[in-house]
Amino acid sequence: PFLILPCKCAIPVILFGFHLPRCQLVNQTVSLEKEGCPRCHTVETTICRGHCPTKDPVVNLPLGHMYQDVCTYRKFEYRKLELSDCPLGVDPVVQYLVALSCHCDRCSMDTSDCTFESLPPDFCTNDIPFYY
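Reading the values: the criteria
- Residues numbered from 1 in each chain as written.
- Predicted model: local features only at pLDDT ≥ 70, side-chain atom pairs only at ≥ 80, totals over all residues.
- Heavy atoms only, no water.
- UniProt positions renumbered as here; feature names shortened; annotations may be inferred.
- Helix = DSSP H or I, 4+ residues; strand = E, 2+ residues; numbered from the N terminus.
- Contact = heavy atoms within 4.5 Å.
- Buried < 20%, exposed > 50% of the residue type's maximum accessible area, 1.4 Å probe, protein only.
- pLDDT = per-residue confidence, 0-100.
- Disulfide = S-S within 2.5 Å.
- Phe/Tyr/Trp six-rings, centres within 6.5 Å; stacked < 30°, edge-to-face > 60°.
- Salt bridge = Lys/Arg side-chain N within 4 Å of Asp/Glu carboxyl O.
- Core = buried A, V, L, I, M, F, W, Y, C linked by side-chain atoms within 4.5 Å.

The protein chain has the name Gonadotropin subunit beta-2 in an unreviewed UniProt entry, where Periophthalmus magnuspinnatus is given as its organism. According to UniProt, the comment filed for the protein chain under the heading Function (unreviewed entry) is "Involved in gametogenesis and steroidogenesis." The UniProt entry for the protein chain carries the following text under Subcellular location (unreviewed entry): "Secreted".

A. Local environment of the environment of T42. The topology assignment puts T42 in strand β4 (residues 41–49). Separated by 81 residues in the primary sequence, T42 and F123 place their C-alpha atoms 9.8 Å from one another. Beyond its immediate chain neighbours, meaning those up to four positions away, T42 contacts T29, V30 and S31.

B. Here's a closer look at the environment of C124. Looking at where C124 falls in the secondary structure, it is placed in the segment after β6 (93–105). Look at C124 and you get buried, because its relative accessible area is 3%.

C. A look at the confidence of the model for the protein chain. Counting all residues, the mean pLDDT for the protein chain is 77, and 64% of those residues have values of 70 or more. Of the regions scoring below 50 in pLDDT, residues 1–15 engages in 16 contacts with residues more than four places distant in sequence or in other chains.

D. A look at the state of the cysteines. Throughout the structure, instances matching the rule amount to four disulfides. Note on cysteine connectivity: C37 is disulfide-linked to C86, with sulfurs 1.9 Å apart. Measuring handedness by torsion sign, the sulfur bridge of C37 and C86 sits at about 105° and is right-handed. Of this pair, C37 sits in the loop between β3 (24–32) and β4 while C86 sits in the loop between β5 (70–82) and β6; the two residues are 49 residues apart in sequence, bridging distant segments of the chain. Each member of the pair C37 and C86 is classed as buried.

E. Inspection of the packing of aromatic side chains at higher detail. Evaluated as defined, the whole model comprises two aromatic pairs. For the ring pair F76 and Y78, a centre distance of 5.8 Å and an interplane angle of 90° mean the geometry is edge-to-face.

F. Local environment of the pattern of salt bridges. Applying the stated rule across the entire model yields three salt bridges. Among the salt bridges present, the one from K34 reaches D91, with a minimum N-O distance of 3.8 Å. Placement of K34 in the loop between β3 and β4 and of D91 in the loop between β5 and β6 is noted, with a sequence separation of 57 residues between them. Residue classification places K34 among the partly exposed residues on the basis of a relative accessible area of 25%. Residue D91 is classed as partly exposed on the basis of its relative accessible area, which comes to 47%. Between E77 and R79 there is a salt bridge; the shortest N-O distance is 2.9 Å. Since its relative accessible area comes to 37%, R79 is described here as partly exposed.

G. Inspection of the nonpolar core at higher detail. C23, V26, I47, C48, C52, C71, Y73, L97, A99 and C102 form the largest nonpolar core, which has 10 residues in total. Contributions of two or more residues to this core are made by β4, β5 and β6. Ranked by residues supplied to this core, first place goes to β6 with three residues. Contact partners of C48, with chain neighbours within four places excluded, come to Q24, L25, C71, T72, Y73, A99, S101 and C102. The next biggest cluster of nonpolar side chains, apart from the first, holds nine residues, and it includes C37, L83, C86 and V94.

Now the structure itself:
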């Protein structure tokens, strides 16, 4: 579907309708790592991803605060994975979050990375070369 808008120009303005994906559960590969263990391990989990309606005031209100909602977890659980290549003396168990449902709300630093641009979920610090 598209809409043709009248304008006082030689070419009419055409707006194509499109929909951004709403806040929803999606499957995602994430990297799990633990200090003292030499490798990262990838697992499939579910995360929350998508767009939430936002408001942007025309006038800044001195006493009011505007909060932009983000796609975040409504319900979640933690699962455990035992890393296979950790040396003796290092606890090989790591926990990772599995999203069970999502909604639009303020970002909670307890469960989410609330930065503007974060690292990808499959990023692994063990893959960064160190030069001595």
